[in-house]
Amino acid sequence: MTHEPEDITTGYLSVLSAASRLLQEELPLVQRIHRLFGLLRLAIRYRDARLTCWLQSARPGAHRQQIFSPESWAYPWDDTLTRSVALGGKTVIKTIALGSAGQPDKNLPVIPAGYLGAPIFWGGRLWGVLELRNDDLRRFTGRISELIEALKPLLAAAIAQEGARLPQLPTPRFAGETPIGLTLTPSLRQKMIALNEQLDRTIDLHELTGVILRRALEGSGAEAGAVALVDYDKRELVLHLYEGYEAERSRRALPALPRQRWSWEIGLAGQAVQMRRPLLVRDAGREPGLPNAMPFLAELAAPIIVDDRVLAVLILHSRRSTTFTEEVLAFITTLCERAAHPLARAMSYQAAYETSYHLGQVFSSLPIGLALLDLNGRVIRANPAWNQVWRLDAQPQRPSFYVGIDLVEHLLARLNDPFRLSEFCDLGQRTPDQTFETSLQLRNPYQELHVLSVPTRDSQQQLTGRLWVVSDRTRERESDRLKDEFIGIVSHELRTPLTSILGYTEILLNRQDLDYESQREFLQTVSNEAERLFKMVKDLLDVSRLEAGVVKLNRWAVGLWQVIEELTLQLHTQLIHHKLLIDARTPLPPVFADRDKVKQIIFNLLSNAIKYSPEGSEIQLTVRRANADDLPATHPPGQWMLIVVRDEGIGIKPEDQARLFERFQRVDNSNTRQKSGVGLGLYISRLLVELHGGRIWVKSVEGSGSSFSFTLPIWTAPANEQGQEP
């Protein structure tokens, strides 16, 4: 058993003594309970509190009252839990989940919370239930239970005293509209006075509607209630907040979750909106448009009106026909009138906040760089893409960042024309009411940016600064360049063989004196050129299919030595002026690959080596198991076969190697311009290698030849579930 320190125990006794004196004062029960909640906060650091009490008896039809602590939480109370505590008869301290599926508001995050529920039994009768909530269950431990138990008889006496003051009201015989011109009773007047300060200081819409609903429940004794906002454009009611409905019945009475909508042509709430006055029905189960099984005997709908426009409607339900007395109706009418302007203020604030929040999301999410500048060119606000497009991420920025100074300084080493950006900034300063745009080219890395600068104004149309819109058009320009280059290369490559085919065909058709050898030579030329056209068209189709993802691999255990022998015979005529050295360290394990695709990759690499190597030079083909040192750092793990094609050709510049495996890329020098091709062979090879899971790369020194390497996965038994070794 834990022992509390003596000073804490003394503090509990002081609170209990003060609570005893407070509950015996001649004040309305609501005021006494509110003061008790403040007193309890000295001993128990709770988040919010509620007292549910029955002023005459704890039975259906009894006068129930709910009193909430002035400090309210956004999470609604769980009345099902309250009933279980009342039926259990014992104090409950446990952890509950707020904002879960069982809670009305799905927009609130789910959080754990500490809960203390204490049924107030005294004299063999249930007088009420005292509930406390907090975000930390540990604050409800120690001797707090003893303090709550000591308070129960004091609370029971206060509730009994208040119940004795209530008159026995007869049940009205008919339903009617809300009476007007009634004077509030002293207790209800005190509730309105206590409510005024909360309404004036609350600007959050959800919090304000919660205050209105809870004070309406507290002052009327209704078991359930809701606040619905009015959508005039769609002629609908939007459920914003509700409390007190049993989970198994709420779906019949109101939509299951907040933000649900229904036509204002349905139910008493819609009628109150259209008639702009409070309405009361004593037998809600018989009201037209509502389900017959609706478990309420009385319904009150009171509109909240500002400037003859209904902003919201307060809906209250009770299982007792005597709940909504004339005094209660007067209180609800006064409450709606008093809450009208605070609600209008909160709704305007919420609308402005939502608009600002949505614009902020758009501003932050756009991939285009945006920056608001003041009249001096200082950046007031910028989205994340602004830093990314200028590459300012790793650059420390001063607290005040000026585009005309800091941006130019940061980009000085990268700008091809620094004065272009400086002049652009000066234009905005000299003529702040004009719109300007420019294009900037940057190097290391290469970028082409488009900058648009437009003036910004306030609500009085006074100039406040400028908005810069910066878009990176490097890819667009690169795409246009590739398209133009492709058209130029393909048109040239198509025109050359077609010219040869047409020319030699015309000679064969028109000249009858050609001997057999000449005819054979001409036909061989036509055949070679036609084969060249066929390969070009085949490469274009292969690229299209690979990029579309429709190429499927027919993978088996493939022996590379047989593939090499077939390629040697196929390239025999092209290797007349070159030496091919094959370094295959047998025995070679098979690879798990598509045989035809592997043959196509090696053929492309050998063809390039032959094409760009001088006559008489050596071309070396090496095949062996890859070691860890052979592979680049980003290569995936596993067992790999390494295939390397080395030549003694012209070599490749370092800046050209990075884009060598892209489509339509060719090394631009005097030697390559003399060679035919559209620049798709290496691009196709890369796509096929990566389709197998491997990688392809190049090492080259300009003027000293090149080395192209790629990897294929080695065949293992578990990997060969779809094929078998031939």
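Residues numbered from 1 in each chain as written. Predicted model: local features only at pLDDT ≥ 70, side-chain atom pairs only at ≥ 80, totals over all residues. Heavy atoms only, no water.

As annotated in an unreviewed UniProt entry, the chain carries the name histidine kinase and is attributed to Chloroflexus aurantiacus. Annotation of the chain in UniProt includes, under Catalytic activity (unreviewed entry), the sentence "ATP + protein L-histidine = ADP + protein N-phospho-L-histidine." (UniProt positions renumbered as here; feature names shortened; annotations may be inferred.)

Attention now moves to the packing of helix α6 (residues 205-220) against helix α9 (residues 326-365). The geometry of α6 relative to α9 is characterised by a closest axis approach of 9 Å and an angle of 175 degrees between their N-to-C directions. Classed by the angle they form, the pair α6 and α9 counts as roughly antiparallel. When α6 is examined against α9, the residues Leu205, Leu208, Thr209, Ile212, Arg215, Ala216, Gly219 and Ser220 are found in contact with a partner set consisting of Val328, Phe331, Ile332, Leu335, Ala339, Pro342, Leu343, Ala346, Met347 and Gln350. Looking at the contact of α6 with α9 residue by residue, the classes come out as 13 nonpolar, four polar and one charged. (Axes fitted to C-alpha atoms, helices over the stretch in contact; angles between N-to-C directions. Helix = DSSP H or I, 4+ residues; strand = E, 2+ residues; numbered from the N terminus. Parallel < 35°, antiparallel > 145°, perpendicular 65-115°, else oblique. Contact = heavy atoms within 4.5 Å. Nonpolar A, V, L, I, M, F, W, Y, C, P; charged D, E, K, R; others polar.)

The strand order across the open sheet built from five strands is β13-β12-β16-β15-β14, with neighbouring strands paired in antiparallel fashion. Only two strands of the sheet have a single neighbouring strand rather than two, namely β13 (379-382) and β14 (436-442). Neighbour-to-neighbour, the strand axes of this sheet turn through a mean angle of 25 degrees, independent of strand direction. The pairing of β14 with strand β15 (residues 447-457) spans seven bridges and is antiparallel. Paired with serine 439 across the strands is histidine 450, a residue of β15. Each of β14, β15 and β16 (463-472) touches helix α12 (residues 418-430); the most contacted strand, β14, lies at about 160 degrees to it. (Pairing = 2+ DSSP bridges.)

This brings us to empty space enclosed by the protein. In this approach a probe as big as a water molecule rolls over the atoms, and the regions it shows empty are the leftover space. The tally for this structure, following the rule as stated, stands at six cavities of 30 Å³ or more. Looking at the largest cavity, its volume works out to about 70 Å³. Forming the walls of the largest cavity are Ser72, Trp73, Ala74, Pro76, His206, Glu207, Gly210, Val211, Arg214, Leu241 and Glu243. Contributions of two or more residues to the lining of the largest cavity are made by α6 and β7 (236-243). Counting residues per element, the lining of the largest cavity draws most heavily on α6, at five residues. Taken together, the residues of the lining of the largest cavity sort by class into five nonpolar, three polar and three charged. Here the lining of the largest cavity spans two domains, since at least three of its residues come from each of domain 1 (6-100 + 109-163) and domain 2 (184-355). (1 Å grid on protein atoms, 1.4 Å probe; cavity = no way out; pocket = protein on both sides within 12 Å on 5 of 7 lines; lining within 4 Å. Points joined across faces, edges and corners; volume = space filled by probe spheres on them. Domains from an automatic or database assignment.)

A full pass over the atoms with the stated rule returns 23 salt bridges. One salt bridge in this structure joins arginine 215 and glutamate 218, with 3.5 Å as the shortest N-O distance. Linking arginine 215 with glutamate 218, this pair stays in helix α6, spanning three residues, or about one helical turn. For the pair arginine 215 and glutamate 218, a shared accessibility class is recorded, and that class is buried. A salt bridge links aspartate 231 to arginine 261; its shortest N-O distance comes to 2.8 Å. A residue pair is termed long-range when its members are at least 10 positions apart, and aspartate 231 in strand β6 (residues 224-231) and arginine 261 in strand β8 (residues 261-263) qualify at 30 residues. With a relative accessible area of 15%, aspartate 231 lands in the buried category. A network of salt bridges, in which partner residues are shared, links Arg50, Asp79 and Glu131. (Salt bridge = Lys/Arg side-chain N within 4 Å of Asp/Glu carboxyl O. Buried < 20%, exposed > 50% of the residue type's maximum accessible area, 1.4 Å probe, protein only.)

Note: predicted coordinates in regions of low pLDDT should not be interpreted at a detailed level. Taken over all residues, the pLDDT of the chain has a mean of 80, while the share at 70 or more is 82%. In the predicted structure, residues 247-257 sits below a pLDDT of 50 and forms 24 contacts with residues beyond four places in sequence or in another chain. This model gives residues 288-295 a pLDDT under 50, and the stretch forms 13 contacts once residues within four places in sequence are excluded. (pLDDT = per-residue confidence, 0-100.)

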